[in-house]
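Below, each chain spelled out in residue letters.
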Amino acid sequence: MQKTAPVGVFDSGVGGLATLKALQKQLPHENFVFYGDNANAPYGTKQTELIRKLSFACTEFLLKKNCKSIVIACNTASSAAKEELRQVYDVPFVAMEPAIAPAGRARKDGLVLVMATPATLRQPLFVYRVKKCGLEGHVVAVPCPKLVELAERGAVLGEETYQAIEEALWPHRDKKVDAIVLGCTHFIHARKQIRQCADQIWPGVPLMDGNQGTAVQLERILNQYDMRNEQTDPGKVELCTSGDPDKYLPLFEKLMAQE
Ligand code: DGL
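Summary of the structure given here. Sequence order sets the numbering: in each chain, residues are counted from 1 along the sequence as written. Per-residue local features are limited, in this predicted model, to residues with pLDDT of at least 70; the limit for side-chain atom pairs, both in listing and counting, is 80 or more; totals at the level of whole chains, interfaces and linings are taken over all residues. The basis for every side-chain value is the complete set of heavy atoms in the structure, and neither hydrogens nor water enter the calculation.

Looking now at the site of the ligand. In the vicinity of the ligand there are 13 residues, among which Ser12, Tyr43, Gly44, Thr76 and His186 approach most closely. Think of a polar contact as two N or O atoms within 3.5 Å of one another; within protein, one of them needs to be a possible hydrogen donor and the other a possible acceptor, and neighboring residues in sequence only count if both atoms come from side chains. Residue Asn75 places a main-chain N or O atom 2.8 Å away from an oxygen atom belonging to the ligand. Between Thr185 and the ligand, the recorded distance is 2.8 Å, taken from a backbone N or O atom to an oxygen atom. Using a 1.4 Å probe, the Shrake-Rupley method yields the accessible areas, and only the shown protein chains count as cover for residues. Contact with the protein chains removes 99% of the 300 Å² of surface that the ligand exposes when unbound. The definitions used throughout rest on a 1 Å grid laid over the protein atoms alone, on which a cavity is an enclosed set of points accommodating a 1.4 Å probe that cannot get out and a pocket is an open set flanked by protein within 12 Å on both sides along at least five of seven lines; lining residues are those having an atom within 4 Å of a point. Whether a molecule lies in a cavity or pocket depends on its atoms, and more than half of them have to be within 2 Å of the grid points. Comparing atom positions with the cavity grids shows the ligand to sit within the largest cavity. Helix and strand assignments come from DSSP, with helices taken as H or I runs of at least 4 residues and strands as E runs of at least 2, each series counted from the N terminus. At the level of secondary structure, the elements contributing two or more residues to the shell around the ligand comprise α3 (75-88) and α9 (185-188). Proximity criterion: a residue is near a molecule or strand once any of its heavy atoms comes within 4 Å of it.

Below, the discussion takes up the packing of aromatic side chains. Aromatic rings in a pair are described by how distant their centres are and how their planes are angled relative to each other. Whether two aromatic rings pair depends on their centres lying within 6.5 Å, for rings of Phe, Tyr and Trp, where Trp uses its six-membered ring; planes under 30 degrees apart make the pair stacked, over 60 edge-to-face, and the rest tilted. Counted according to the given criterion, the structure contains 4 aromatic pairs. On the basis of an interplanar angle of 45 degrees and a centroid distance of 5.8 Å, the ring pair of Phe56 and Tyr89 is categorised as tilted. You can see Phe56 sitting in helix α2 (residues 48-64) and its partner Tyr89 sitting in the loop between α3 and β4 (93-94), a full 33 residues away along the chain. Between Tyr89 and Phe93, the aromatic rings sit 6.4 Å apart at their centres with planes inclined by 55 degrees, giving tilted as the arrangement. A single burial state applies to Tyr89 and to Phe93, both of which are buried. Only protein chains enter the area calculation, which uses a 1.4 Å probe; residues under 20% of their type maximum are buried, those over 50% are exposed, and those in between are partly exposed.

To continue, consider the sheet that holds strand β9 (residues 237-241). A pair of strands is treated as paired once DSSP finds two or more bridges between them. If you trace the 5 strands from one edge of the open sheet to the other, you get β4-β3-β1-β2-β9, paired in parallel fashion. Looking at the sheet topology across the chains shown, the edges are occupied by β4 and β9. The strands touched by helix α1 (residues 16-26) within the sheet are β1 (7-11), β2 (32-36), β3 (69-72) and β9, with β2 carrying the most contacts at an inclination of about 170 degrees. Against the sheet, α2 touches β1, β2, β3, β4 and β9, its axis set at about 150 degrees to β1. Contact between two residues is taken to exist if any of their heavy atoms lie within 4.5 Å; hydrogens are not considered. Only the stretch in contact is used when a helix axis is fitted, and all axes are lines through C-alpha atoms; the angle between N-to-C directions ranges over 0 to 180 degrees.

This part is about the nonpolar core. If you look at the biggest cluster of nonpolar residues, it comprises 56 residues, and the most contacted ones within it are Leu17, Met115, Leu169, Ile180, Trp202 and Leu218. Counting 21 residues, the second largest nonpolar core, distinct from the first, contains Phe10, Leu62, Ile72 and Leu85. We define the nonpolar core as a collection of buried residues of types Ala, Val, Leu, Ile, Met, Phe, Trp, Tyr and Cys that are connected through side-chain atoms lying within 4.5 Å of one another.

Side chains of residues three or four places apart in an α-helix project in the same direction, reflecting 3.6 residues per turn. When helix α8 (residues 159-169) is considered as a whole, its buried residues turn out to be Thr161, Tyr162, Ala164, Ile165, Ala168 and Leu169. The buried side chains of α8 occupy one side of the element, clustering within an arc of 160 degrees when seen end-on. What points out from α8, more than 90 degrees from its buried face, is the exposed set Glu159 and Glu167. Tucked inside the fold, the buried residues of α8 contact β5 (111-116), β6 (139-143), α7 (145-152) and α10 (191-201). The arc in question is traced by the directions running from the helix axis to the C-beta atoms.

The quantities given are spatial measurements derived from coordinates; they are silent on function.
What follows is the structure in structure tokens.
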């Protein structure tokens, strides 16, 4: 595989663009192909078998684009399909999962709130990670499928999104919360609003996401396989969707431009 080949990045939809931004920042000379499976989003309310099937289709798409490595920029697809994908394909995968370990380190005597999709929260991997981090009994799972739907509609900065966040967090207002995990890449686009809403209830509570860890992991993998792009020019990005390009590509551009 050529070092100049792109890195493939996929998600059920727009969420993975937040991860893509972190990857570009970490590895500015890499070329990327992003594939949003918007036609099949959301994944988080689907059965595990179907999420796997869709993750295989995303991988096939990126391999046809000659990608040298694949980032699964989706906590749901990662937890449902990463093992199966690794068994079938030779290309190195970088997977994402909710940032439970750092949240555990930030915890004092309170709880860790994990906002993620219903599918991520029901996976055995999630239960295993909670246990492994010694957080059993200290984690509150907060499924927020509505936030995914709003992000897919491009309504991520609107009032409706703030309301959806409030609906998810407000029922936990009487709990002592030491950290909130953004365990779905779609939610990262609404980070500012989540910050604002969380501050009303638990001022200054840390928000954790897996984007930076994923970017560092991709760098490590590319170094390990001696696959770093040595070009000195800035890398290029190709944005692709399984949905209607006229609808989604302008939304991709808008979200990429958003801070
Ligand atoms: N962005 C995805 C994640 O990180 C899933 C959103 C969905 O399709 O439900 O989990």
